[in-house]
Amino acid sequence: MADTATALGASIKDMANAIRALSMDAVEKAKSGHPGMPMGMADVAAVLFTEALKYDAAHPDWPDRDRFVLSAGHGSMLLYALLHLSGSPGMTLDDIKNFRQLGAKTAGHPEFGHAPGIETTTGPLGQGLGNAVGMAIAERILNARLGDDIIDHRTWVIAGDGCLMEGISQEAISLAGHLRLGRLIVLFDDNGISIDGPTSLATSEDQIARFKASGWATLSVDGHDAAAVSKALATARADTSKPWLIACKTRIGYGAPTKEGKASSHGSPLGADEIKGAREKIGWLHGPFEIPADILSAWRAAGSRGGKVREAWVARFAKVDAAKREALAHPAGAVKAAIADAVRACKQAAAAETAQKATRVWSELTLERLTAACPSLIGGSADLTGSNNTKAKSQGVIKPGDFSGSYIHYGVREHAMAAAMNGIALHGGLIPYGGTFMAFTDYCRPSIRLSALMGQRVVYVMTHDSIGLGEDGPTHQPVEHLAALRCIPNLNVFRPADGVETAECWALAVAPGETPSILALTRQNVPNLRTTHTDENLSAKGAYVLRDVTGKRDVTLIATGSEVGLAVAAADELAKGGINAVVVSMPSFELFRKQPEAYRMAVLGEAPRVGIEAAVEMGWREWLRFSDRFIGMSGFGASAPAPQLYEHFGITVAKAVEAAKGLVGK
């Protein structure tokens, strides 16, 4: 590589070699990890962090910093080395030495929240790229609202061959190209190696042509020529008309005497002899984890070079309207009272309504008020806006060159939508929600799981939540999806029964917190069950007694969503026969599970129980004992009008009555 001198007191070559050395040493000490990618991309990363990236290492949460996303998360030591060398707080040399150990900040793949400077959790390939698209969208939205003086930064991504092979990458780059996200720059680690060996074993794509076809500007450079990399980064920064792909031709495991350019350097420690040879080859004649003072000083200078820029920004930001400053820091908290007023109005309107509506329609009516109360809500849908009912009338559409709106047409790109929403949430200042059909949570699931893992407030509006969608048939009818989502830790799955519960669930979903939400909503109309207004959010308890009895409880009917109305009708029928049936609405298993045992037992009671949900039984036995009954699905659905399907599969008032009578012996 061309050894470019820097004004920081050390050469780019030496600064890059510091990354290589720490990466080799940490992986070797852990006896586990991926040294090849950090060694190969060290030169590119060194140029990026010393010349192009806008950041202040001492203040890694600066809102107008450039975002750096390591989409190729297996190369985590690249990120950890950069954070330590540049002086980011909370990334010490001891943390580097503790790589991949229990409780370490330096996990095998970067995990958001473990240390400042880790912008997102990556590892599932392509996810970081999808997150970065969301971050770039968020930057443009906030720029449109706050102006260039407050929000004007870039999102940089390092992605590898694996990231670009994953299907999510095509969805993400297509969306980014369409929106002309010119402050998004992807540095492609073009090393031609994957775990199995040369990438030619599995792919022959021309990535440059692919990105060009998706509306990106492109460049190719020698990733080990610092001067060429520097010029490419400057070119990309100067032209913001399109997003950029810079293909950096690198050699994986750069410097390793026998493993450079080979798959053997990808995911295993190099070994003592290979490391010794690498040190000699790159001219790094220092011991394990040893960084010479002049090189560390140069890195620390690089980390502090954005300090004055940040300080100037702080002075400008102090002059911004206080409400806007608060909204950037606390998107929902800043308008807490307005949200509460909006939800109260929604609940009052729903309680007074006589016409039946689908919960997806109740959701839309809630959004009409909620988006006005909380401008930080950014909505969208994967080409199902009219079906998901996710767009309020007041929401303008975000489009190329105009980010003044608050609604995104994601196209038929469920996976990229979900990953981008994670990126919007991670960026800060906005609360994303997006919709598709409940059955297509399968397309979103990797990103939903990461929302939960990262503790991000992302709202997934999933309509057409059961066989109640009718004629579209079993391909679109979710039967196992509620169970599959409920088993993800730190994910609230809400299935509201009527308009009042829908408003309550929306209030819970947008409230400050670290838990993403699923709103499972019906296509078909549901009865209005909560007809007397109460300010208390009963859905916040996860389950509550909707219909009580006078005297002794004979049986408890527990239901969710559209089946709560069925349970109420069954209770009415049972009452005619002298059977006292309590109806429990359970919009959230997760929130009910968190309630005190005494409350849970008071709601469920000791009487026999019947669970009713148009889905598979899995998960219900937490609330049902061995002798209790479940009425629901045991297989896939079918294509027919919804009322016929409910009758066909035995999810009816008559079946609920029959089950209850069987349990009470009448």
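Above this note sits the structure.
Note that the coordinates shown come from a computational prediction; the quantities given were computed from them, not determined experimentally.

**Some words on helix α21 (residues 563-576)**
Every α-helix winds through 3.6 residues per turn, so residues three or four apart in the chain are directed the same way.
So, step 1. Spanning 14 residues, α21 covers 20 Å between terminal C-alpha atoms, matching the ideal 20 Å at 1.5 Å per step.
So, step 2. Restricting attention to buried positions, one finds in α21 the residues Glu563, Val564, Gly565, Leu566, Ala567, Val568, Ala570, Ala571 and Leu574.
So, step 3. Among the residues trailing α21, Gly578 stands out with phi positive, at a value near 80°.

**Quick word on the sheet that holds strand β1 (residues 67-70)**
So, step 1. Strand order in the open sheet formed by five strands is β1-β2-β3-β7-β6, and the pairing between neighbours is parallel. Looking at strand neighbours, the two that pair on one side only are β1 and β6 (217-222), the edges of this open sheet. Sheet twist, expressed as the mean angle between neighbouring strand axes with direction ignored, is 20°.
So, step 2. Relative to strand β3 (residues 184-190), strand β2 (residues 155-160) runs parallel, the two being bridged by six bridges. Its bridge partner lying in β3, Trp156 is registered against Ile185.
So, step 3. Against the sheet, helix α9 (residues 226-238) engages β2, β3, β6 and β7 (244-249), with an angle of about 170° to β6.

**Topic: the sheet that holds strand β20 (residues 629-633)**
Picture the strands of a sheet paired through backbone hydrogen bonds; they go either parallel or antiparallel.
So, step 1. Strand order in the open sheet formed by five strands is β16-β18-β17-β19-β20, and the pairing between neighbours is mixed. What marks the edges here is a single partner per strand, and that holds for β16 (544-547) and β20. Between one strand axis and the next, the sheet turns by 30° as a mean value, whatever way the strands run.
So, step 2. Where strand β17 (residues 555-559) meets strand β18 (residues 581-585), five bridges bridge the pair, whose relative direction is parallel.

**Considering the packing of helix α17 (residues 414-427) against helix α18 (residues 441-454)**
So, step 1. Contact geometry of α17 with α18 gives a least axis separation of 6 Å together with a crossing angle of 20°. On the basis of the axis angle, α17 is roughly parallel to α18. Regarding α17 and α18, the two cross each other, and that crossing is left-handed. Mapping the contact onto sequence places Glu414, His415, Ala418, Ala419, Asn422 and Leu426 in α17 and Tyr443, Cys444, Pro446, Ser447, Leu450, Ser451 and Met454 in α18.
So, step 2. By residue class, the composition of the contact of α17 with α18 is eight nonpolar, four polar and one charged.

**Here's the deal with helix α1 (residues 12-30)**
So, step 1. The end-to-end C-alpha distance of α1 is 27 Å, a good match for the 27 Å that 19 residues give at a rise of 1.5 Å each.
So, step 2. Of all 19 residues that make up α1, 16 are buried, and the element is covered over most of its length.
So, step 3. Taken from the residues just after α1, Lys31 is the one with a positive phi, measuring 60°.

**Notes on the pattern of salt bridges**
So, step 1. Across all of its chains, the model carries 31 salt bridges by this definition.
So, step 2. In this structure, Arg279 engages Asp25 in a salt bridge whose closest nitrogen and oxygen atoms are separated by 2.8 Å. Taken together, the residues Arg279 in helix α10 (residues 272-282) and Asp25 in helix α1 connect sequence positions 254 residues apart. Residue Arg279 shares its accessibility class with Asp25, and that shared class is buried.
So, step 3. Three or more residues joined by partner-sharing salt bridges are found here, namely Arg251, Glu260 and Lys281.

Rules used in this analysis
- Residues numbered from 1 in each chain as written.
- Predicted model: local features only at pLDDT ≥ 70, side-chain atom pairs only at ≥ 80, totals over all residues.
- Heavy atoms only, no water.
- Helix = DSSP H or I, 4+ residues; strand = E, 2+ residues; numbered from the N terminus.
- Expected span 1.5 Å × (residues − 1).
- Buried < 20%, exposed > 50% of the residue type's maximum accessible area, 1.4 Å probe, protein only.
- Pairing = 2+ DSSP bridges.
- Axes fitted to C-alpha atoms, helices over the stretch in contact; angles between N-to-C directions.
- Contact = heavy atoms within 4.5 Å.
- Parallel < 35°, antiparallel > 145°, perpendicular 65-115°, else oblique.
- Left-handed = near helix turned anticlockwise from the far one by under 90°.
- Nonpolar A, V, L, I, M, F, W, Y, C, P; charged D, E, K, R; others polar.
- Salt bridge = Lys/Arg side-chain N within 4 Å of Asp/Glu carboxyl O.

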